[in-house]
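Residues per chain are reported as follows:
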Amino acid sequence: MAVGYKAVIWNGFKTSYVLTLWAAILAFIASFIIVTGMTQPEGESFHPVQLVMRAFGFAGFSLLSFILIIGPMARITPRFKPLLYNRRHMGVSAFVLMLIHAALAMVWYHGFSDISPLLSVLTTNANYDRIGGFPFESLGLAAFLILFVMAATSHDFWLANLGAPFWKALHMGVYLAFALLVAHILLGVVQHEKSPAYAFWVMGSAALVTALHLITGWREVSKDRRSGFKAEDGWVEAGPVNDIPNDRAVIIPGEGRERIAVFRYDGQVSAISNACKHQNGPLGEGRIVNGCVVCPWHGYEYKPRDGRSPAPFNEKIATYKVAIRNGIVFVNTKALPAGTDVEPARIEEAQP
Amino acid sequence: MRRAHRTAHLALWVILLPVMAITGWAALAYKPDPAENAALPAALIEEAS
């Protein structure tokens, strides 16, 4: 949602979010350097450049791991939802950390050769046919390139021009980048260092991220199956109207198991698509503020009766016909064209 | 999220889990031999310092 162009629309929350983020990043890097420097075995001390390089690499990987648990954790507890709001600032910060790590590695290990540093990364170690001593740098480079594309297209300018479906698909590359980084660390520092701390850190992070995504993913799939989509003449039961909290919604499956958000507000009920136009955020998990449904992910707003964003914005989503019979809400699952005005079902008429 | 996106999410992690687990096992099981010059003779270190 944008009217007039501003590269980043800063506000108090966003500023404090980014400042807190970088304070935490710098604290992590300082702690890593101090702890690693103090715990090195006799005769195996790092050069300061190597220590800083590794600190930035681990900070970037740890931040990426944290970014990846925000999504599933926000589905488990609403306390994580505020972190979703500016998650892309974290993503770009993680990329900057990895950029510094990569630049230091390029200069330190490949910058003094006769050949191009990039070529040197890919050709100095050619043991691609073995696990022990595998050229792990190439895995890091592949992850870096994916994260570069994602950081470069993170702005809403690209989201608007590429379209939400393509943009979302492109940004799912973060999972591949994460797996490549896990392999980069496992086949790099974990293989070459005696301390088990690195292995615990990377494998623990990978296990946590994967487990949370699998658990929440499975819950979502199960929810769809349990809902048992049964439409008669396109109408489905959404449950008793009294079960819908005021200014909140219940989410029901529609055709093709796309979800519908059924909102109760001001003594009436309306139904809209559950997918926000911006990034497909779950509108049904948001609430109505000042007469508009507010997306819990990034705050996009829609009027519940016509699915249109308030002026001067022009986003619009599908709406659905709604009826109330004997206190039970029914929704016609045939999606109406985005922005279609639908008369809400009045609760007082149904429940005198 | 749309259904296709939810399904793709789950499918990706179902694939990535064994890939990362096997890489972790292989990395620990097939550690490379230390380089021949990994441990410098004490005399050489003394001379250098």
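About the thresholds
Residues numbered from 1 in each chain as written. Chains lettered and ligands numbered in written order. Predicted model: local features only at pLDDT ≥ 70, side-chain atom pairs only at ≥ 80, totals over all residues. Helix = DSSP H or I, 4+ residues; strand = E, 2+ residues; numbered from the N terminus. Buried ≥ 20, exposed ≤ 12 C-beta atoms within 10 Å, placed from the backbone. Contact = placed C-beta atoms within 7 Å. Nonpolar A, V, L, I, M, F, W, Y, C, P; charged D, E, K, R; others polar. Pairing = 2+ DSSP bridges. Axes fitted to C-alpha atoms, helices over the stretch in contact; angles between N-to-C directions. Domains from an automatic or database assignment.

### Some thoughts on the overall build of chain A
Part 1 of the reasoning: A count of helical and extended segments in chain A gives 11 helices and 11 strands.
Part 2 of the reasoning: For chain A, the spread of C-alpha atoms along the three principal axes comes to 85 × 45 × 35 Å.
Part 3 of the reasoning: Each of the 352 residues in chain A was classed as buried or not, and the buried ones make up 33%.
Part 4 of the reasoning: Within chain A, residue pairs in contact and separated by at least 24 positions form 56% of the contacts whose partners lie at least 6 positions apart.

### What about the interface of chain B and chain A?
Part 1 of the reasoning: Counting residues at the interface gives 22 residues for chain B and 29 residues for chain A.
Part 2 of the reasoning: Taken together, the residues of the side of chain B that touches chain A sort by class into 14 nonpolar, four polar and four charged.

### A look at the environment of Leu 147 of chain A
Residues and elements named next belong to chain A.
Part 1 of the reasoning: Topologically, Leu 147 is positioned in helix α6 (residues 136–152).
Part 2 of the reasoning: Put simply, Leu 147 and His 89 are 58 residues apart on the chain and 13 Å apart in space, counted from C-alpha to C-alpha.
Part 3 of the reasoning: If we skip the residues at most four places from it in the chain, Leu 147 touches Phe 95, Met 98 and Ala 177.

### Section: unusual backbone geometry
All names here are of chain A.
Part 1 of the reasoning: Following Ala 311, the chain continues into Pro 312 via a peptide bond in cis, with omega recorded as 10°.
Part 2 of the reasoning: Tracing the sequence through the fold places Pro 312 in the loop between β7 (301–302) and β8 (319–320).
Part 3 of the reasoning: If you check the backbone angles, Asn 326 has positive phi at about 50° while not being a glycine.
Part 4 of the reasoning: Taking the C-beta count within 10 Å as the criterion, Asn 326 has 8 such neighbours and is therefore assigned exposed.

### Quick word on the sheet that holds strand β1 (residues 235–240) of chain A
Residue and element names in this part refer to chain A.
Part 1 of the reasoning: Within the open sheet, the three strands sit side by side as β1-β10-β9. Their pairing is antiparallel. Unpaired on one side and paired on the other, β1 and β9 (322–325) mark the two borders of the sheet. Across this sheet, the average inter-strand angle for adjacent strands is 30°, counted without regard to direction.
Part 2 of the reasoning: By the bridge criterion, five bridges tie β1 to strand β10 (residues 328–332) in an arrangement that is antiparallel. When the sheet's bridge partners are listed, Glu 237 is paired in β10 with Phe 330.

### What about the domain arrangement of chain A?
All names here are of chain A.
Part 1 of the reasoning: What the domain assignment reports for chain A is domain 1 (12–224) and domain 2 (235–350).
Part 2 of the reasoning: Placing a centre on the C-alpha atoms of domain 1 and another on those of domain 2 gives a separation of 38 Å.
Part 3 of the reasoning: Taken together, the contact between domain 1 and domain 2 spans six residues of the former and nine residues of the latter.
Part 4 of the reasoning: Listed by contribution, the elements that provide at least two residues to the side of domain 1 that touches domain 2 are α3 (81–85) and α8 (164–171).
Part 5 of the reasoning: By residue class, the composition of the side of domain 1 that touches domain 2 is three nonpolar, no polar and three charged.

### Comments concerning the sheet that holds β7 of chain A
Residues and elements named next belong to chain A.
Part 1 of the reasoning: If you walk across this open sheet you meet the three strands as β5-β6-β7, and the pairing is antiparallel. In this open sheet, the two edge strands, each paired with only one partner strand, are β5 (287–289) and β7.
Part 2 of the reasoning: The pairing of strand β6 (residues 292–294) with β7 spans two bridges and is classified as antiparallel. Bridge pairing links Val 293 to Tyr 302 in β7.

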